[in-house]
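Listed here are the chains, written in short residue letters.
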Amino acid sequence: IRPEEVAPPCGLRTGLDVFDNFVLWQGLPKGEISLFEGPPGLGATSFWLQAVQEVHQQKKWAAFITDKALLSPHNLQ
């Protein structure tokens, strides 16, 4: 296989261009579980909420789960 024939796996754009352009799959890896972890106040929850709203606007499904609560898609509208 020639290098130009190799393509990254399909991703779901988050709407956060800095992130989407940084990761190989140009967004969240489709069909996979993503873990965002950091100390309180770092912005992981805010990032995920913004990203999952963008994914839902693309008519794709995503869920947000923490050790504190579960937010289903209807809670994000």
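Presented here is an overview of the structure given in this document. (Residues numbered from 1 in each chain as written. Predicted model: local features only at pLDDT ≥ 70, side-chain atom pairs only at ≥ 80, totals over all residues. Heavy atoms only, no water.)

1. Digging into the side chain of Asp20
Note the following rule: Each helix is a run of H or I in the DSSP string that is no shorter than four residues. Each strand is a run of E no shorter than two, and both are numbered from the N terminus. For every residue, the accessible area (1.4 Å probe, protein chains only) is compared with the maximum for its type, and the residue is labelled buried under 20%, exposed over 50%, or partly exposed between those bounds. Counted as a polar contact is a pair of N or O atoms within 3.5 Å, where, for protein atoms, one must be capable of donating a hydrogen and the other of accepting one, and residues adjacent in sequence contribute only when both atoms are in side chains. Every residue pair with non-hydrogen atoms within 4.5 Å of one another is taken to be in contact.
Here Asp20 shows up in helix α1 (residues 17-22). Looking at Asp20, the relative accessible area reads 0%, which means it is buried. Within the local environment of Asp20, its side chain forms a polar contact with the backbone nitrogen of Gly15, the two atoms lying 3.2 Å apart. Contacts of Asp20, omitting those with residues within four sequence positions, involve Arg13, Thr14, Gly15, Gln26 and Gly27.

2. Digging into helix α2 (residues 44-57)
Worth spelling out the cut-off: Each helix should span, by expectation, one fewer than its residue count multiplied by 1.5 Å. Taking the helix axis as origin, the arc is that swept by the directions to the C-beta atoms.
Here α2 spans 20 Å end to end across 14 residues, near enough to the 20 Å set by a 1.5 Å rise per residue. Taken residue by residue, α2 has Phe47, Trp48, Ala51, Val52, Val55 and His56 as its buried positions. All buried residues of α2 project into a common sector of 160° when viewed along the axis, lining one side. Facing away from the buried side of α2 by more than 90 degrees, the exposed set consists of Ser46 and Gln57. On the buried face of α2, the contacting elements are β1 (11-12), α1, β2 (28-29) and β3 (64-65).

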